[in-house]
Amino acid sequence: MSAQLRQIPANIPQDIRKIRIENSHLTELPRGSFENVSALEYLWLNFNNITVMHIKSLEYLAALKELRLQGNKLSSVPWTAFQDTSALKILDLKHNRLDVLPEHALRYLPNLTYLDLSSNQLTVISRDVFYNWPVYQRSQRAEGQIEAISNAVLALHDNPWICDCRLRGFVQFIKSVGPPIILMNSYLTCSSPKFRAGKYFHEVELNSCMKPLTSALDANLTVPVGLNITLTCFVQASPSPAVWWTYALKLLRAFNVSTEPISEDTVRSELLIPAARLVDAGNYTCTAANFLGNASVVITLHVGAPWASTTPPGWAPVAPADLGTHVEVRIAKQTVYGITLEWFAVAAAAAEPGETWYTLLLGRYDAAQKDAIYIGPGVNTYSVTDLLPATKYEVCVAVRNQAPRKGQCIVFVTGSDVSQLEQREKLIHIVVIVCAMVLAVPAGMYACTAEARPGCLTRCPGACPRRRRRGGQAQAGSKESTLDSLPAGSEDGLCRPPRPPAREEPGKSWPPHRNSADLY
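If you check an unreviewed UniProt entry, the protein chain appears there as LRIT2 protein from Bucorvus abyssinicus.

If you want it as structure tokens, here you go:
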């Protein structure tokens, strides 16, 4: 007891009938662990750290009557090892980590009178495990006969049973079992799914398993540009299936998908497409799968002309106050791994800024579908991290379900030489799509992009006089390292004529200007 043993001693006397090693440091039972003690009848190895049991670990123990392995770390047992212990009557495996019981697990335990599998991790087992048990088969043959059969005690409580169709046969077995098989605790309880958690086996009625069957109320939808649209599919399946959406063979991000059960065997999955754009048109596939198979349904989405006077059912119109709202967006901070965006809403009509929702669209510049993130009222910053190197990105911020307007998007390109850039404490080179929006970069430099046509470079210095003066003092080496590393063509189509300044509102306060030192 409580010895520092790490393996079974090799010098055990041959006539020993009982061995008890508990609270020690045994981690495995190797092959032939007890080959020199063939007279052994009782083996107690409780509360060790045994994780592995060799298929021939019980070899030469034909006289073994009792094996106790309580409180170890066994996640599986080589059940064919009991071919060498046909006389075994007591098998105690409680408080281990067993999560699977094969159909033929009990085939080699014909004389068992006590089996304890309580407090393990069993979730689903087949009733055939017990139908193949010689003890149960004898009890069935002996019904109505005078022949006496020894009772067999079975302990299966305190396991996290999943009460769905896969457990149906086992639940029926538990409800019908009787002497000579006796349950130590007949009140077995369900752990999941949630609507059955805590219920006893005798309180539930489980249906047969069913392969997924998918359907959609409307498989052909049309939505005007700029409005939200929700695609819905229904799935009948048992057990509950995994559901996912794909578009152009690409798996869609989970934060745009919601799946919830609406009955015992039916789930509803919804895909939200915010502020629909022309590039969102196409076929969306809803797929469901469980262990019996999978099924899918395709929903075709058409994106038409902008909404004008009437709103079809199911679409969310843009509120009049929001139609006059413009968002000023800028990069407030850049780090080694990403950027932090900051935006401010400029309303042409009276609006409550504390009630405004925003949609942030982020993705590669040339991606047809960008990820949508919904920002609640009162929040005007968002950090983007884990960006890929040497990649051109576009990020836009729009009010509610509006499509992004000019000046509400920023295009930037990540650097390609990570190690060199980290030494200079920057990773991201930013290119802003509006000339009037100038991002401060390392001392003396500014990024003011052009549309690859004459005249932009003459307009930009006029829009940025202060930065132009500061730029004259920069060293030539700094300019080359900052702008020359951008991939070719990254500036195409990024400059537009400066927008007229927004009408200032009385009492409206604007955030102070931040120079380049604030960004690093």
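Enquirer: Explain the pattern of salt bridges here, please?
Expert: Close approach of charged atoms allows side chains of opposite charge to pair. Within this structure, the stated rule accounts for 14 salt bridges. Among the salt bridges present, the one from Lys-56 reaches Asp-84, with a minimum N-O distance of 3.9 Å. With Lys-56 in the loop between β4 (52-53) and β5 (66-68) and Asp-84 in the loop between β5 and β6 (90-92), the pair connects residues that are 28 residues apart, well separated along the chain. Looking at Lys-56, the relative accessible area reads 29%, which means it is partly exposed. Judged by its relative accessible area of 22%, Asp-84 falls in the partly exposed class. Its salt-bridge partner being Arg-166, residue Asp-164 comes within 2.6 Å of it at the nearest N-O pair.

Enquirer: What is the right way to read the side chain of Asp-164 from this model?
Expert: Note that Asp-164 resides in the loop between β9 (161-162) and α3 (168-176). A relative accessible area of 10% means that Asp-164 is categorised as buried. Contacts of Asp-164, omitting those with residues within four sequence positions, involve Arg-196, Leu-206 and Pro-239.

Enquirer: Would you mind showing me how to read the sheet that holds strand β14 (residues 229-238) here?
Expert: Hydrogen bonds along the backbone pair up the strands of a sheet, which may run parallel or antiparallel. Overall, antiparallel pairing links the four strands, which are arranged β12-β14-β18-β17 in an open sheet. Bordering the open sheet on either side are β12 (210-215) and β17 (257-261), each of which pairs with just one other strand. Taken over all neighbouring pairs, the strand axes of this sheet differ in orientation by 20° on average, direction set aside. In this sheet, strand β18 (residues 266-273) lies alongside β14 in antiparallel orientation, the contact comprising eight bridges. Each bridged residue has a counterpart across the sheet, and for Val-235 the counterpart in β18 is Val-267.

Enquirer: I tried to follow the state of the cysteines on my own but got confused; where do I start?
Expert: Simply put, the disulfide is a covalent bond whose two ends are the sulfur atoms of two cysteines. Counting across every chain of the model gives four disulfides. The disulfide partner of Cys-165 is Cys-209, and the S-S distance across this bridge is 2.0 Å. Taking the sign of the S-S torsion, about 100° here, the bridge from Cys-165 to Cys-209 comes out right-handed. Pair noted here: Cys-165 is in the loop between β9 and α3 and Cys-209 is in the loop between β11 (190-192) and β12, with a separation of 44 residues, a long-range link. Cys-165 gets classed as buried once you look at its relative accessible area, which sits at 7%.

Conventions used here
Residues numbered from 1 in each chain as written. Predicted model: local features only at pLDDT ≥ 70, side-chain atom pairs only at ≥ 80, totals over all residues. Heavy atoms only, no water. Salt bridge = Lys/Arg side-chain N within 4 Å of Asp/Glu carboxyl O. Helix = DSSP H or I, 4+ residues; strand = E, 2+ residues; numbered from the N terminus. Buried < 20%, exposed > 50% of the residue type's maximum accessible area, 1.4 Å probe, protein only. Contact = heavy atoms within 4.5 Å. Pairing = 2+ DSSP bridges. Axes fitted to C-alpha atoms, helices over the stretch in contact; angles between N-to-C directions. Disulfide = S-S within 2.5 Å.

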